[in-house]
Amino acid sequence: MVTQISEGLKAEVKDLNFYYTHHQALKNIHLQIAEKKITALIGPSGCGKTTYLRCFNRMHDLYPGNRYEGEIILFPDQLNIISPKIDPIEVRMRISMVFQKPNPFPKTVFENVAYGLRVRGESRRSLVEDKVEKALKQAALWEEVKDRVQDLAFNLSGGQQQRLCIARALATDPEILLFDEPTSALDPTATSKIEELIMQLKKEVTIIIVTHNMQQAARVSDYTAFMYLGEIIEFDKTDKVFTHPSKKLTEDYITGRFG
Amino acid sequence: MRSNRLRYVTQSVAKILIWIAALSTIAVMILILFQILREGLPILRLSFFTQSPKSMGREGGILTPIIGTVALTVVAIIVATPLGVGTAVFLREYTRESRISRVIRFGTDCLAGVPSIIFGLFGFVFFVIYLNMGWSILSGGLTLAAMILPTIICTTEEAIKAIPYSFREVSYSLGGTKWQTVTRAILPNALPGIFTGIILSVGRSIGETAAIILTAGSSLVMPTSLFSPIRTMAVHFYILAREGISMEMAYGTGAALILLVLFVNTIANGLLNRYIRHRS
Ligand SMILES: Nc1ncnc2c1ncn2[C@@H]1O[C@H](COP(=O)(O)OP(=O)(O)O)[C@@H](O)[C@H]1O
Ligand SMILES: [Mg+2]
């Protein structure tokens, strides 16, 4: 039994199963993703959060033997993004990802942010410059780097690098932005900056964030899904999950009794 | 107590052996360099580099062998680099571990271990005779290309292997195609490694003799096209010494060869350092 949400939907996951060759990592997942809201995925390490997130941009297609079953319907055009008939590149054009560790390319700040535009064949200089600037502003990094966009990205601090990665993911105007524990490698100050940023961003883009930090989920998200052993145990509005969880397992997890 | 003592003795013996190994290597190197440069440097006047050899090399300079060395090396590198880099990219990015990739890898490993004279024989039979290219810059260059191909494949593969997986994932996650990922996220990072492979190959090409005599000949006539036969510096050195034409000129050629290798390595190192500094 999974709660149905009443707002506008950006995506709907139906009966999703996922296999790493023979190991089934996701089981019968049903979930609705509200448009321009933040959905958090929590659960103990190894429960399948990353696996689930990477279904949304077909990252699993990069490795042999991986197999999806079921549907992830993307609205408004009702595209089943995990259908083998759909080109993964088409999906990744619409759904971007920010990884766990900051991972800028060994290129300049500018070229990092421009990467997604370049692979789309965008070569009009002024347009690229505008979009890079806009993305850096959206990622709250512009003020800090505007005088050194031609510097190598490695010269930025860890938190700045992660915001750079967010800018890079935003530059191509994605419809959904995926975050996989984006602050796990950062210190508390950098973390709170990123959390603030994520809350700002939901005005413009639908966000799914994996976190093993429950306070973070409680602070930033509108909806929370609790996963355990590859299944969704509970999904509801974040307040509800954290104040009145309907499952014993959820309660045990959020009160820190395991995980 | 006893085991401590034993460890101490082992440690000291190992240290001494390592020092002996290192020092003898350096000593041999210095001895060779010293001998050749002592005999050869006095010969190196400017005219030695700007004149063609006269009367079999007894007099004159080594202009034609210098041109031969450069021409063959350039042909070999131009042919082998794209092939080698392409093969390495194919093996690393376009195939999973499969029968094809195993066959290619087995082939290149074997090629790497084949003595150069075998390449010479192959080049002679295939390029010189069968394809009717005769003894020529082209036959010699292609033979050298076959010889250095495994080195370039291997160093490129190692360079690609060392690139963090995250660069690939990011590139794909931003909508990159495989080709874009290879050309924008992988090759730029593999460039220093590829470059190292090319430098090793240049060194091997410059120093090769047997395979070149069989495929490019040993002509001292100024070449006019890729189909002209040619003599390289190493071959010149070999013939001068072996046929007792002029030990003096042989040492001069040897010294010039050493200077050329040093020159190429210095330039290459400089370029590489600049590239690396520019990127990090
Ligand atoms: N590449 C893989 N191949 C096989 N099994 C994997 C792979 N990646 C993850 N798994 C397994 O899938 C399960 C879920 O992993 P993951 O999605 O990384 O969990 P989480 O992100 O919640 O910590 C784990 O049991 C893990 O061991
Ligand atoms: Mg994870």
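Residues numbered from 1 in each chain as written. Chains lettered and ligands numbered in written order. Predicted model: local features only at pLDDT ≥ 70, side-chain atom pairs only at ≥ 80, totals over all residues. Heavy atoms only, no water.

*Asks:* I tried to follow helix H7 (residues 165-173) of chain B on my own but got confused; where do I start?
*Replies:* Within an α-helix, residues lying three or four positions from one another point in the same direction, as the helix has 3.6 residues per turn. All names here are of chain B. By the criterion of burial, H7 is predominantly enclosed, with 7 of the 9 residues buried. Within the span of H7, buried status applies to Phe167, Arg168, Glu169, Val170, Ser171, Tyr172 and Ser173. Among the residues trailing H7, Gly175 stands out with phi positive, at a value near 95°. (Buried < 20%, exposed > 50% of the residue type's maximum accessible area, 1.4 Å probe, protein only. Helix = DSSP H or I, 4+ residues; strand = E, 2+ residues; numbered from the N terminus.)

*Asks:* So what exactly am I meant to see when it comes to the sheet that holds strand E7 (residues 176-180) of chain A here?
*Replies:* The pairing of strands in a sheet happens through backbone hydrogen bonds and is either parallel or antiparallel. Residues and elements named next belong to chain A. Taken together, the 6 strands give an open sheet; going across it, the order is E6-E7-E8-E3-E9-E10, and neighbouring strands pair in mixed fashion. Taken across any chain shown, the strands that pair with only one partner, and hence form the sheet edges, are strand E6 (95-98) and strand E10 (231-237). Ignoring which end each strand starts from, the neighbouring axes of this sheet average 20° apart. Bridge count between strand E3 (residues 38-42) and strand E8 (residues 206-210): 4 bridges; the pairing is parallel. Residue pairing in the sheet places Thr39 in a bridge with Ile208 of E8. (Pairing = 2+ DSSP bridges. Axes fitted to C-alpha atoms, helices over the stretch in contact; angles between N-to-C directions.)

*Asks:* Even after reading the chapter, I still don't get the interface of chain B and chain A, so can you show me in this structure?
*Replies:* Reports of interface size often rely on the accessible area that becomes lost once the parts have come together. Contacts between the two partners involve 21 residues from chain B and, on the opposite side, 25 residues from chain A. Carbon and sulfur atoms supply 60% of the area that chain B and chain A bury against each other, a total of about 2,100 Å² over both sides. Scanning the region where chain B abuts chain A turns up 1 salt bridge. Ionic pairing is found between Glu169(B) and Arg54(A), a salt bridge with its closest N-O pair at 2.8 Å. (Contact = heavy atoms within 4.5 Å. Buried area = accessible area lost by both parts, 1.4 Å probe. Salt bridge = Lys/Arg side-chain N within 4 Å of Asp/Glu carboxyl O.)

*Asks:* It is not clear to me how the nonpolar core should be interpreted in this structure. Could you clarify?
*Replies:* Generally speaking, soluble globular proteins have nonpolar side chains that are buried together. Of all hydrophobic cores here, the largest spans 102 residues; its most connected members are Leu16(A), Leu31(A), Tyr52(A), Phe56(A) and Ile81(A). Here this core gets 12 residues from one element, more than from any other, and that element is helix H6 (residues 137-161) of chain B. Those residues within four positions of Leu31(A) in sequence are excluded, and the remaining contacts are Ala11(A), Glu12(A), Val13(A), Leu41(A), Tyr52(A), Ala225(A), Ile232(A) and Phe235(A). Among the nonpolar cores identified, the runner-up in size contains 44 residues, and Val128(A), Ala139(A), Phe226(A) and Ile233(A) belong to it. (Core = buried A, V, L, I, M, F, W, Y, C linked by side-chain atoms within 4.5 Å.)

*Asks:* Looking at this model, I keep getting lost on the site of ligand 1. Mind explaining?
*Replies:* Residues and elements named next belong to chain A. Tyr20, His23, Ala25, Ser45, Gly46, Cys47, Gly48, Lys49, Thr50 and Thr51 make up every residue found near ligand 1. With respect to ligand 1, the side chain of Tyr20 contributes an N or O atom lying 3.4 Å from a nitrogen atom. Here an oxygen atom of ligand 1 sits 2.7 Å away from a polar atom, N or O, in the main chain of Gly46. For ligand 1, whose accessible area on its own is 560 Å², the fraction buried by protein is 58%. Elements with a minimum of two residues in the shell around ligand 1: strand E2 (23-34) and helix H1 (49-55). No other element matches the 3 residues that H1 contributes to the shell around ligand 1. (Near = heavy atom within 4 Å. Polar contact = N/O pair within 3.5 Å; in protein donor to acceptor, adjacent residues only side chain to side chain. Areas by Shrake-Rupley, 256 points an atom, 1.4 Å probe, with all protein chains shown as cover.)

*Asks:* Would you mind going over the packing of H7(B) against helix H8 (residues 178-207) of chain B with me for this structure?
*Replies:* The packing of two helices is summarised by the inter-axis angle and the distance between the axes. Residue and element names in this part refer to chain B. The interhelical angle for the contact between H7 and H8, taken along N-to-C directions, is 145°, at an axis separation of 9 Å. Seen along the crossing, H7 lies across H8 with a hand that is right-handed. Residues Phe167, Arg168, Ser171 and Tyr172 of H7 form the contact with H8, whose own contacting residues are Lys178, Thr181, Ala185, Ile186 and Asn189. Of the residues in the contact of H7 with H8, the class split is 4 nonpolar, 3 polar and 2 charged. (Left-handed = near helix turned anticlockwise from the far one by under 90°. Nonpolar A, V, L, I, M, F, W, Y, C, P; charged D, E, K, R; others polar.)

*Asks:* Just checking my understanding: could you explain the sheet that holds strand E1 (residues 9-20) of chain A for this structure?
*Replies:* Residues and elements named next belong to chain A. Read from one edge of the open sheet, 4 strands run E2-E1-E4-E5, paired in antiparallel fashion. The outermost strands of the open sheet, each flanked by one partner alone, are E2 and strand E5 (79-80). Examined bridge by bridge, strand E4 (residues 66-74) and E5 share 2 bridges and lie antiparallel to one another. In the strand pairing of E5, Leu74 is matched with Leu79.

*Asks:* For this particular structure, what's the right way to read the pairing of strand E9 (residues 223-228) of chain A?
*Replies:* The side chains of a regular strand alternate between the sheet's two faces. Residues and elements named next belong to chain A. The element E9 is largely enclosed, with a buried count of 5 among its 6 residues. With 4 bridges connecting them, E3 and E9 associate as parallel partners. Each bridged residue has a counterpart across the sheet, and for Ala40 the counterpart in E9 is Thr224. Where E9 meets E10, 6 bridges bridge the pair, whose relative direction is antiparallel. The residue bridging Met227 from the neighbouring strand is Ile232, located in E10. The turn joining E9 and E10, which pair antiparallel and follow one another in sequence, is formed by 2 residues; a positive phi near 50° is taken by Leu229.

*Asks:* Honestly, the packing of aromatic side chains in this entry has me stumped. Any pointers?
*Replies:* Ring pairs (aromatic) are described by centroid distance and by the angle formed between their planes. Considering all chains together, one arrives at 13 aromatic pairs over all chains under this definition. Ring plane angle 65° and centroid distance 5.4 Å describe the contact between Phe18(A) and Tyr68(A), whose orientation is recorded as edge-to-face. Residue Phe18(A) is located in strand E1, and its partner Tyr68(A) is located in strand E4; the two are separated by 50 residues in the primary sequence. Residue Phe18(A) shares its accessibility class with Tyr68(A), and that shared class is buried. The interplanar angle of 55° and the centroid separation of 5.9 Å between the aromatic rings of Phe105(A) and Phe167(B) together place this pair among those described as tilted. Residue Phe105(A) is found in the loop between E6 and helix H3 (109-119), and its partner Phe167(B) is found in helix H7; the two belong to separate chains. Each member of the pair Phe105(A) and Phe167(B) is classed as buried. (Phe/Tyr/Trp six-rings, centres within 6.5 Å; stacked < 30°, edge-to-face > 60°.)

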